[in-house]
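# Results of the structural survey
Chain by chain, the residues:
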Amino acid sequence: YMLLVLLASLLYTVVNPPITGLMIYRTLVSDHRIKPVRFVPLEDVPRDVQRMFVRVEDYTFYDHHGLDLQAIRDAYRLNRQLGRVYWGGSTITQQLARTLFLTPQRTYLRKYLEAIAALEMELVLPKGRILELYVNSIEFGKGVFGLQTAAMHYYGKPVDRLTRDQARRLVALVASPIRYGVDTLSSSRALAERYRYLLQAFP
């Protein structure tokens, strides 16, 4: 596993992933029809949109080396109190590792494999490339992967033409893209709170 992740990470320094583990999982297990991913270079993603992802998903992204140990400790304590794996405390790099190589099932084994992959990816991939792969790989709906694909799917326009509110809604949606959509964020307390935070941080 470690060797495969390392080789794939080296390959992804110059090649965009044609498919991810999560796409395969959604196709086989959830029977989702995957839309073709419209890859968008990070330089074409507005800076504010990049900052939105970092602020709500991993505010220490540019400081850590793949893991945020404090976030992991906090998640462990919370999950013990709740009696189930509710919060992962994952960094952007860990989320990318999960999307590329693993499944969305919440287990401590997956968290362990996710952490190993994140550390390896940080060894060979610069932060800008990790963020670029992240915004082009994450899930925004049933069969909808990648920010550009999501922008076209929900709003019929490329990411660099989104209004700030449209961008806020897409970023908020990432936390639960299967059950909700950009127009139903208020139906989820967690998504509504994410949206309100982004509204305050990026008015």
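Data block above holds the structure.
Now for a description of the structure that goes with this document. All values reported here derive from a predicted model rather than from experimental measurement.

### Re the overall build of the protein
A tally of regular secondary structure across the protein gives 10 helices and two strands. Going residue by residue from the N terminus, the α and β elements of the protein occur as α-α-α-α-α-α-α-β-β-α-α-α. The C-alpha radius of gyration computed for the protein amounts to 16 Å, which stays within 12% of the reference 17 Å derived for 203 residues, consistent with globular compactness. Considered along the principal axes of its C-alpha atoms, the protein spans approximately 40 × 40 × 35 Å. Within the protein, the fraction of its 203 residues that count as buried is 51%. Intrachain contacts of the protein at a sequence separation of at least 6 include 63% that bridge at least 24 residues. In the structure as shown, the protein presents an accessible area of about 10700 Å², 55% of it carried by carbon and sulfur atoms.

### A look at the packing of helix 3 (residues 47–57) against helix 7 (residues 127–137)
Relative to each other, helix 3 and helix 7 sit at 90°, their axes nearing to 11 Å. Viewed along their axes, helix 3 and helix 7 adopt a mutual orientation that is roughly perpendicular. Note on element contacts: helix 7 touches helix 3 through Leu131, Tyr134 and Val135, opposite Gln50, Phe53, Val54 and Glu57. Class assignment for the residues of the contact of helix 3 with helix 7 results in five nonpolar, one polar and one charged.

### Quick look at the environment of Gly181
Residue placement: Gly181 occurs in the loop between helix 9 (164–173) and helix 10 (189–201). Among the residues examined, Gly181 registers a relative accessible area of 16% and is labelled buried. A sequence separation of 65 residues divides Gly181 from Ile116, and the C-alpha atoms of the two residues are 32 Å apart.

### Things to note about unusual backbone geometry
One non-glycine residue, Asp31, adopts positive backbone phi at about 60°. Judged by its relative accessible area of 68%, Asp31 is exposed.

### Brief notes about the pattern of salt bridges
Counted by the stated rule, this structure contains 12 salt bridges. Across the pair Arg194 and Glu57 runs a salt bridge, and its minimum N-O distance is 2.7 Å. Taken together, the residues span a long stretch of sequence, with Arg194 in helix 10 and Glu57 in helix 3 at a distance of 137 residues. With respect to burial, Arg194 and Glu57 carry one shared label: buried.

### What to know about the packing of helix 8 (residues 147–155) against helix 9
Remark: helix 8 packs on helix 9, axes separated minimally by 11 Å, with the N-to-C direction vectors making an angle of 115°. Regarding helix 8 and helix 9, the two cross each other, and that crossing is right-handed. Between helix 8 and helix 9, the residues in contact are Leu147, Ala150, Ala151, Tyr154 and Tyr155 and Gln166, Arg169, Leu170 and Leu173, respectively. When its residues are assigned to classes, the contact of helix 8 with helix 9 shows seven nonpolar, one polar and one charged.

### Some remarks on the nonpolar core
For soluble globular proteins, the rule of thumb is that nonpolar side chains tend to be buried together. The biggest cluster of nonpolar side chains holds 45 residues, and the ones touching the most others in it are Phe53, Leu131, Tyr134, Phe140, Leu147 and Leu170. Sorting the residues of this core by element identifies helix 1 (2–11), helix 3, helix 5 (92–101), helix 6 (108–124), helix 7, helix 8, helix 9 and helix 10 as the ones contributing at least two each. Residues within four places of Phe53 in sequence aside, it is in contact with Asp58, Ile92, Tyr134, Val135, Ile138, Phe140, Leu147, Val171 and Val174.

Thresholds, definitions, all that
- Residues numbered from 1 in each chain as written.
- Predicted model: local features only at pLDDT ≥ 70, side-chain atom pairs only at ≥ 80, totals over all residues.
- Heavy atoms only, no water.
- Helix = DSSP H or I, 4+ residues; strand = E, 2+ residues; numbered from the N terminus.
- Rg over C-alpha atoms; globule rule 2.2 N^0.38 Å.
- Buried < 20%, exposed > 50% of the residue type's maximum accessible area, 1.4 Å probe, protein only.
- Contact = heavy atoms within 4.5 Å.
- Areas by Shrake-Rupley, 256 points an atom, 1.4 Å probe, with all protein chains shown as cover.
- Axes fitted to C-alpha atoms, helices over the stretch in contact; angles between N-to-C directions.
- Parallel < 35°, antiparallel > 145°, perpendicular 65-115°, else oblique.
- Nonpolar A, V, L, I, M, F, W, Y, C, P; charged D, E, K, R; others polar.
- Salt bridge = Lys/Arg side-chain N within 4 Å of Asp/Glu carboxyl O.
- Left-handed = near helix turned anticlockwise from the far one by under 90°.
- Core = buried A, V, L, I, M, F, W, Y, C linked by side-chain atoms within 4.5 Å.

None of this, on its own, says anything about what the molecule does.
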